[in-house]
Amino acid sequence: MHLTTNALVLREVNYKESDKILTLLTEQEGKLTVSARGCRKKDSPISAACQLLAWAEFTLYEYNGLWSVKETASERLFDGARTDLEKLALASYFVEVTEALAEEGQTEPGLLAVTLNCLHALDRLNVPPTQVKAAFEWRSMALAGYEPQIEQCGVCGRPEPKDPCIHLGEGTVHCAACRDSLGEGVSMPLTTAGLAALRHITWGPRKRLLAFRLDREGLRRLSQASEAYLMTRLERGFRTLDFYKRISPEG
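In this report, the structure presented in the accompanying data block is examined. The shown structure was predicted, so the numbers you read here are calculated from the model rather than taken from an experiment.

Across its full length, the protein holds seven helices and eight strands. Projected onto its principal axes, the C-alpha positions of the protein cover 65 × 35 × 30 Å. Counting all 251 residues of the protein, 50% fall into the buried class. When the accessible surface of the protein is summed, it comes to about 12200 Å², and 46% of that surface belongs to carbon and sulfur atoms. Averaged over its 31 positive side-chain charges, the protein has a centre that lies 4 Å from the centre of its 33 negative ones.

What follows is the structure, encoded as structure tokens:
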């Protein structure tokens, strides 16, 4: 069986002397693990596409239930992110999260699109990395079925919560004064403008995902809350995030 599809490389692992094992998020088949034989050879025609963050057209063939790379045509390598260590670390975090959220063999058009949009922002747009990070985390969580309850205060029902916070365990926004009515766990503060940005990220059109502005404090709170919410829901950390936070001034 042969398959030709565009795909994003989420992970690469060196194998034997000149091969790699790749994790791809494909348009047609979702997440696939494939073998890229000989791609580490100097003259390999598939080497450019068989690297982390590459977006390319892959021609794959299946034999005995295993997929292998036959041909590739690179489309985007996101060089603008690769040449900046902070952006590269953040981009690597994005694809690590995407790999964790994507189900093997299940198409993930929304998650793939958001990941590509955020990689494009790091690559070519003049948007603060912290803003891209927060938008990616909140939107990817919503797409994975972890959308928080943000329509109103989860306790008193106030449409615009006063001194808004988000309870990580309950997944609900609430007024600061309503905190004691919720269960145990951590609540993190947002700003009023930050809550509006969160609603835009979660409900707005994908192509305008980053079309919001926040002051430094509002963006800091939104990013801290998104990161904590993601790790609480997935019950794990990410080594790429740890590295990003070590090298980033905003980390």
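Here we take up helix 7 (residues 239–247). Within helix 7 the residues assigned to the buried category are T240, L241 and Y244. Buried residues of helix 7 fall within an arc of 100° about the axis and therefore sit on the same side. Counted as exposed and oriented over 90 degrees from the buried face of helix 7: R239 and R246. Elements that come into contact with the buried residues of helix 7 comprise helix 2 (85–101), helix 4 (129–146) and helix 6 (216–234).

Ordered by their spatial adjacency, three strands build an open sheet running 7-6-8, and the pairing between neighbours is antiparallel. Each edge of the open sheet is held by one strand with a lone partner, namely strand 7 (172–174) and strand 8 (187–189). Sheet twist, expressed as the mean angle between neighbouring strand axes with direction ignored, is 30°. Bridge count between strand 6 (residues 165–167) and strand 7: three bridges; the pairing is antiparallel. Looking at strand 7, one finds that C165 is bridged to H174.

Here the second largest pocket defines a volume of roughly 280 Å³. As for the second largest pocket, its lining consists of 14 residues, and the residues nearest its centre are S35, R37, L66, W67 and S68. Looking at the lining of the second largest pocket, the elements that each hand over two or more residues are strand 2 (19–26), strand 3 (30–36), strand 4 (55–63) and strand 5 (66–76). Here the lining of the second largest pocket is built from residues that sort into seven nonpolar, four polar and three charged.

Glancing now at unusual backbone geometry. The phi angle at L53 is positive, at roughly 80°, despite the residue not being glycine. Positive phi, normally seen in glycine, also occurs at D163, with a value near 50°. By the element assignment, D163 lies in the loop between helix 4 and strand 6.

What follows deals with a negative patch on the surface. Judged by side-chain charge, E27, E57, E71 and E75 come together as a negatively charged surface patch. Tracing the backbone shows E57 in strand 4. E57 sits in the partly exposed class, given a relative accessible area of 34%.

As a further point, take the sheet that holds strand 2. An order of 1-2-3-5-4 is seen for the five strands of this closed barrel, with the pairing classed as mixed. With strand direction ignored, the average angle separating the axes of adjacent strands in the sheet is 50°. Alignment of strand 3 against strand 5, held across two bridges, turns out to be parallel. Across the sheet, residue V34 finds its bridge partner in strand 5, namely W67. Strand contacts of helix 2: strand 1 (2–15), strand 2 and strand 3, with the helix running at about 115° to strand 1, the strand carrying the most contacts. Sheet strands in contact with helix 3 (residues 109–124) are strand 1, strand 2, strand 4 and strand 5, and its direction is about 65° off that of strand 1.

So, how was this worked out
- Every chain is numbered on its own, with residues counted from 1 as its sequence reads.
- Whole-chain, interface and lining totals are the exception, using all residues; otherwise, since this is a predicted model, local features are given only for residues with pLDDT of at least 70 and side-chain atom pairs are given and counted only at 80 or more.
- Only hydrogens and water are set aside; all other atoms, that is, all heavy atoms of the structure, feed into the side-chain values.
- Think of it this way: any DSSP run of H or I at least four residues long counts as a helix, any run of E at least two long counts as a strand, and we number them from the N terminus.
- With a 1.4 Å probe rolled over the protein chains alone, any residue whose accessible area is under 20% of its type maximum counts as buried; one over 50% counts as exposed, and the rest are partly exposed.
- What sets the accessible areas is the Shrake-Rupley method with a 1.4 Å probe; for residues, cover comes only from the shown protein chains.
- We score Asp and Glu as negative and Lys and Arg as positive, and we do not count His or the chain ends.
- Taken as the charge centre is NZ of Lys, CZ of Arg, CG of Asp or CD of Glu, depending on the residue.
- This arc corresponds to the set of directions leading from the helix axis out to the C-beta atoms.
- Here, two residues are considered to be in contact whenever any of their heavy atoms come within 4.5 Å of each other.
- Whether two strands pair comes down to DSSP finding at least two bridges between them.
- Axis definition: a line fit to C-alpha positions, over the contact stretch in the case of helices; interaxial angles, taken between N-to-C directions, run 0 to 180 degrees.
- Cavities and pockets were defined on a 1 Å grid built over protein atoms only: a cavity is a set of grid points that admits a 1.4 Å probe from which the probe cannot escape, a pocket is an open set flanked by protein on both sides within 12 Å along at least five of seven lines, and lining residues are those with an atom within 4 Å of any such point.
- Grid points are joined across faces, edges and corners, and a volume is the space filled by probe spheres set on the points.
- Note on residue classes: Ala, Val, Leu, Ile, Met, Phe, Trp, Tyr, Cys and Pro are nonpolar, Asp, Glu, Lys and Arg are charged, and everything else, Gly too, is polar.
- Two joining distances apply to patches: 9 Å for like charges and 5 Å for nonpolar side chains (Val, Leu, Ile, Met, Phe, Trp, Tyr), and every residue must have over 30% relative accessible area and no salt bridge.
- Here, a salt bridge means any Lys or Arg side-chain nitrogen found within 4 Å of an Asp or Glu carboxyl oxygen.

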